[in-house]
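# Coordinate analysis (summary)
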Amino acid sequence: MIKDITIGQYFPGNSFVHRLDPRFKIGITAVFICMLFSADTFAGLGVAAVFFIISYGLTGLPYKLMTRSIKPIIPIIIFTGFINLFFIDGVPVIKIFGIIITDEALRVTAFMMIRIILLICGSSVLTYTTSPIVLTDAIESILRPLNKVHFPVHELSMMMTIALRFIPTLIEETDKIMSAQKARGAELDSGSFMNRAKALIPILIPLFVSSFRRAEELALAMECRCYRGGEGRTKLKTLSSGLSDYIALSVSILVLCGVIIINMGKVSILHAYTTI
Amino acid sequence: MNEDIVKVENLTFYYTNDDEESEAASDRKYVFRELNLSVEKGSFTAVLGHNGCGKSTLAKHMNAILLPCGGKVYSAGFDTADDSALFDIRSHVGMVFQNPDNQIVASVVEDDCAFALENMGVEQSEMRRRVDEALKAVGMYEYHLHSPGQLSGGQKQRVAIAGIIAMRPDCIVMDEPTAMLDPAGRREVMKTIRRLNGDGVTIVLITHNMDEAAQADRVIVMDKGNIILDDKPTEVFSNVELLRSVGLDVPQSTELMYLMKKSGFDTDVHIIDEESCANALFDILNA
Amino acid sequence: MSAIIRTENLTYTYSPDTPFEKTAVNDVCLEVEDGELVGIIGHTGSGKSTLIQHLNGLIRPTSGRVIIDGQDIWEKGVNLRDIRFKVGIVFQYPEYQIFEETVFKDIAYGPKNMGLDEKQVGERVRETAALIGLDSALLEKSPFELSGGQKRRVAIAGVMAMRPKVLILDEPTAGLDPGGREQVLEEIREYHRRSGSTVLLVSHSMEDVARFATKILVMNHGSVFCYDTPPNVFMRADEIAEMGLSVPQITRVFSLLRKKGIDIRGDVYTVDFALKTINEYIASKGSAREDGHD
């Protein structure tokens, strides 16, 4: 069921990671992504992996949660990896039916797959430990300077807040509508591509209708609570950063430097291909 | 000291056909013609009627969501047609809707509760105090860090009420706040409503549930845009046949008293709660 | 008679291995005879909604078996779609599943999926619409233009038109006003009477089911609290009220009377029955008094 997907979900808690300033958490996540993409060697990737495992450990959340959220994406990762396997030159190691797989291909593919998995896991740490609303606040705060060039920062963040608030509601609704149509004999998971696409109509139409109804009602409720745009608005929570935020960010930057140093010491795996 | 918080004077309201711009009188679908009503400050008034009788339309006039086509509506002393008073009206006369899901804006209970105050530009420390106070008033303070998805329907509706209370309104208009809730949720919400009324907040409760209307001080029964009964609950519900004829129910206690009276017992049809019904039956059966 | 629905040690756990893990249905063994009108009551989270979704294979049990009409629905080779035509479910607020341009087409969606030809589909749609009180003039209208109560009927008709052996309705009267509620319940009863099929009616309120049901199933914390005839269930009204369910006001009145020391029936759940009970009590007291005089 759709409900079982845990990517992007927030798991409340009070760990060190939960309490970090969300703006810094976004920063650290960015640094982590830099680590992954600057790492040219398995050793560098390994350092990034250790960094992830320690950070995740600090959240106090069970590791099972992470493996479960990775599971649904594995087919996609394997598929991308698979394509790579056949198109990279090097010393052939396996030959089946005229298809040649090289040692380089195996290495690059493995490297890529680990990188993608770490990327997803790493950004999950951010979403698992930061409530979407706080995340939106952080983004609003980071984007605030853009107000000067008349970029609608408040409107954007309000839209994100509402979208985040209603994602679970709409997922639940989709589940309900799917059950209801299945109960009327809808075939959603078999048949040809065209038939499957057609079978979506009985789900999408009710979903749109109800979303519009919700939007209308929500707009009314917001107006009744004196909503009039971003002007003159105050906030219940303002973000504040402390010493631990700076330390955490510094540590992650140090690790990034470590990864870069490792790169310089060794010959890049990807070297040959990144230059193509 | 009998100040009126809401005053409806000769309210006329109609919908016109959307597709035609013509203001021809024949295209008008009238909801109200010359409706008059006032709600006393501090009272608990229930507006009872079947679906489509105009009760929700009336509620929407009370905080300027809809504006009269004729006549006047005064809320908290402001004319609802006065554009400049809009935010004063909305902060004095709050509104709670039927579907709790569609009125919660934020993903954390306390943030949602603060929404109106943020809009009003209330200063942070004052906001914190009012949010906590409002959540405590509806008994949801211990859930202040929860997400709405984790709450039951009744709890969500209480959060929605807290979001209104935080504005410190004089009056709250509730448009069928329990229609989508289970019995436990209904009880929670009704308890909250009664408590708020006890604290001096005027309550206008729109409902089609007679058990809820029976808890008010005053019940207004509407049918086809007209007020057909307006009295204390015991008096209103004694009109068993009239209520039935407009598609409404009476409490079972009243119905039993009514049936007994019809079959020759000397019973009082002004009984609406089980306690007095049991007492009345006790006297009859012990005689 | 044979059981049309049977569950054996049915257990279902939501979101296993996450912080949200919850056992919604716990070891439920249930047998429903063919042709019954069963009222299912229980508070939110009692597992009643999860239970009914097992009966047409929308949810696969974590453990235990579901047997419909003698057939284990999770056995190899069973086509779940056939089970869904046999066990029709009308979900809560079913009007939100409406999607076609006309009322006719929407009601026809289920029968069409069954593979019926156009003539049969037309017959069934018209018959069902008439049964549920939808005027034939409405059939060519857009369902989105109808009133709330009419939309609800269209949605219910959409499942009834499949003529399932078992019809399950989850809170079919939620959000309707007293008049609308009464009508919908009456139509469901009429459907049950005419089709002779088994009907399961899920509700929060005992009042709704009390007058119609031949049996009542009370769910509590994912388990069956009791499954019995209405009078027997209402004998336990006090326990049921403690679970947070709403017991009819009249039942509470009689339970108060019993507490006051009057030896009167405790299984009163309709006003008519209450009147009858009072008359009987007075008559028996009168005759007891006369007996004493003799």
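Calculation rules
- Residues numbered from 1 in each chain as written.
- Chains lettered and ligands numbered in written order.
- Predicted model: local features only at pLDDT ≥ 70, side-chain atom pairs only at ≥ 80, totals over all residues.
- Helix = DSSP H or I, 4+ residues; strand = E, 2+ residues; numbered from the N terminus.
- Buried ≥ 20, exposed ≤ 12 C-beta atoms within 10 Å, placed from the backbone.
- Contact = placed C-beta atoms within 7 Å.
- Rg over C-alpha atoms; globule rule 2.2 N^0.38 Å.
- Nonpolar A, V, L, I, M, F, W, Y, C, P; charged D, E, K, R; others polar.
- Pairing = 2+ DSSP bridges.
- Domains from an automatic or database assignment.
- Expected span 1.5 Å × (residues − 1).
- Axes fitted to C-alpha atoms, helices over the stretch in contact; angles between N-to-C directions.
- Core = buried A, V, L, I, M, F, W, Y, C linked by C-beta atoms within 7 Å.
- Parallel < 35°, antiparallel > 145°, perpendicular 65-115°, else oblique.
- Left-handed = near helix turned anticlockwise from the far one by under 90°.

Below, the discussion takes up the overall build of chain C. Across its full length, chain C holds 11 helices and 10 strands. Across its three principal directions, the C-alpha atoms of chain C cover 75 × 50 × 40 Å. In chain C, buried positions account for 48% of the 294 residues. Counting contacts in chain C only where the partners sit at least 6 residues apart, residues at least 24 apart contribute 64% of the total.

The next point concerns the overall build of chain B. The number of helices and strands found in chain B is 11 helices and 10 strands. In summary, chain B has a C-alpha radius of gyration of 21 Å against a globular reference of 19 Å for 287 residues, a match within 12%. When its C-alpha atoms are laid out on the principal axes, chain B stretches across 65 × 55 × 40 Å. For chain B, buried positions account for 53% of its 287 residues.

Turning next to helix α3 (residues 109-120) of chain B. Within α3(B), 12 of the 12 residues are buried, leaving the element largely enclosed by the surrounding structure. Considered for burial, the residues of α3(B) that qualify are V109(B), E110(B), D111(B), D112(B), C113(B), A114(B), F115(B), A116(B), L117(B), E118(B), N119(B) and M120(B). Elements in contact with the buried residues of α3(B): α7 (132-143) of chain A together with α2 (86-92), α4 (124-137) and α5 (153-165) of chain B. Backbone geometry just after α3(B) places G121(B) at a positive phi near 75 degrees.

In this section: the interface of chain A and chain B. Contacts between the two partners involve 26 residues from chain A, matched on the other side by 33 residues from chain B. Residue assignment for the side of chain A that touches chain B shows that the elements contributing at least two residues are α7, α8 (153-183) and α10 (201-224) of chain A. Residue contributions to the side of chain A that touches chain B peak at seven residues, all from α10(A). In the side of chain A that touches chain B, the residues fall into 14 nonpolar, five polar and seven charged.

This paragraph deals with the pairing of strand β6 (residues 87-90) of chain C. All names here are of chain C. Side chains V87 and I89 project from β6 onto one buried face, and the interleaved G88 and V90 project onto a second face that is buried too. Bridge analysis of β6 against strand β7 (residues 166-170) gives four bridges, and the strand direction is parallel. Counterpart to V90 in the pairing with β7 is L169.

This brings us to the domain arrangement of chain C. Examined at the domain level, chain C breaks down into domain 1 (3-230) and domain 2 (248-294). Between the C-alpha centres of domain 1 of chain C and domain 2 of chain C the distance comes to 37 Å.

Residue and element names in this part refer to chain C. Ordered by their spatial adjacency, four strands build an open sheet running β2-β1-β4-β5, and the pairing between neighbours is antiparallel. Each edge of the open sheet is held by one strand with a lone partner, namely β2 (22-33) and β5 (71-72). As judged from the two bridges shared by strand β4 (residues 63-68) and β5, these two strands associate in the antiparallel manner. Residue I68 lies in a different strand from β5, and its bridge partner there is Q71.

Another aspect to go through is the interface of chain A and chain C. At the interface, 21 residues of chain A touch 24 residues of chain C. Looking at the side of chain A that touches chain C, the elements with two or more residues in it are α4 (63-70), α8 and α10 of chain A. Ranked by residue count, the leading element in the side of chain A that touches chain C is α8(A), at seven residues. Considered class by class, the residues forming the side of chain A that touches chain C number 10 nonpolar, four polar and seven charged.

Glancing now at helix α5 (residues 148-160) of chain C. Taking 1.5 Å of rise per residue, 13 residues should cover 18 Å, and α5(C) covers 19 Å from first to last C-alpha, within 8% of that figure. Within the span of α5(C), buried status applies to G149(C), Q150(C), K151(C), R152(C), R153(C), V154(C), A155(C), I156(C), A157(C), G158(C), V159(C) and M160(C). Among the structural elements, α8 of chain A together with β6, α3 (103-113), α4 (118-131), β7 and α6 (178-195) of chain C are those in contact with the buried residues of α5(C).

Once that is clear, we can look at the sheet that holds strand β2 (residues 29-40) of chain B. Residue and element names in this part refer to chain B. One open sheet holds the four strands; their spatial order is β2-β1-β4-β5, and the pairing between them is antiparallel. Single-partner strands in this sheet number two, and they are β2 and β5 (78-79). Two strands pair when backbone bridges link them, and strand β1 (residues 4-15) and β2 are joined in this way by eight bridges, in the antiparallel orientation. Counted as the bridge partner of L11 is L35 from β2. Against the sheet, helix α1 (residues 55-62) makes contact with β1, β2 and β4 (70-75), and its axis sits at roughly 120 degrees relative to β1, the strand it touches most.

A162(B), A166(B), V204(B), I168(C) and L201(C) are the most contacted members of the largest nonpolar core, which has 188 residues in total. For this core, the leading source of residues is α3(B), giving seven residues. Once residues lying within four places of it in the same chain are set aside, the contact partners of L201(C) are L37(C), V38(C), G39(C), I40(C), L169(C), I188(C), V209(C) and A213(C). Judged by nonpolar contacts, the second largest core, of 26 residues, contains F24(A), L45(A), L249(A) and V259(A).

Bringing the pairing of strand β10 (residues 226-231) of chain B into the picture now. All names here are of chain B. In the sheet, strand β9 (residues 218-223) pairs with β10 via five bridges, with the strands oriented antiparallel. Considered in β10, the bridge of D223 is made with N226. Here β9 folds back onto β10, and the loop between the two strands holds two residues, one of which, K224, carries a positive phi near 50 degrees.

Right, let's get into the packing of helix α3 (residues 42-59) of chain A against helix α6 (residues 103-129) of chain A. Residue and element names in this part refer to chain A. Following both chains from N to C, one finds α3 and α6 inclined at 25 degrees, their axes separated by 10 Å at the closest point. Taken as axis vectors, α3 and α6 run roughly parallel relative to one another. The hand of the α3/α6 crossing is left-handed. Across from F42, L45, A48, A49, F52, S55, Y56 and T59 in α3, the residues of α6 making contact are F111, I114, R115, L118, C121, G122, V125, Y128 and T129.

The next point concerns the environment of T174(A). Residues and elements named next belong to chain A. Structurally, T174 is set in helix α8. In this structure T174 comes out as partly exposed when scored by C-beta crowding, with 17 C-beta atoms within 10 Å. Residues T174 and L204, spaced 30 residues apart in sequence, show a C-alpha to C-alpha distance of 8.4 Å.

Next up on the list: the packing of α3(C) against α4(C). Residues and elements named next belong to chain C. Contact pair α3 / α4: the axes reach a minimum separation of 9 Å and the direction vectors enclose 120 degrees. When the axis of α3 is compared with that of α4, the two are oblique. Judged by the twist between their axes, the crossing of α3 over α4 is right-handed. Facing α3, whose interface residues are F104, I107, A108, P111 and K112, α4 presents V121, R124, V125, T128 and A129. For the contact of α3 with α4, the residue count by class is seven nonpolar, one polar and two charged.

All right, on to the environment of E127(C) then. Tracing the backbone shows E127(C) in helix α4. Sequence-wise, E127(C) and N9(C) are 118 residues apart; in three dimensions their C-alpha atoms are separated by 39 Å.

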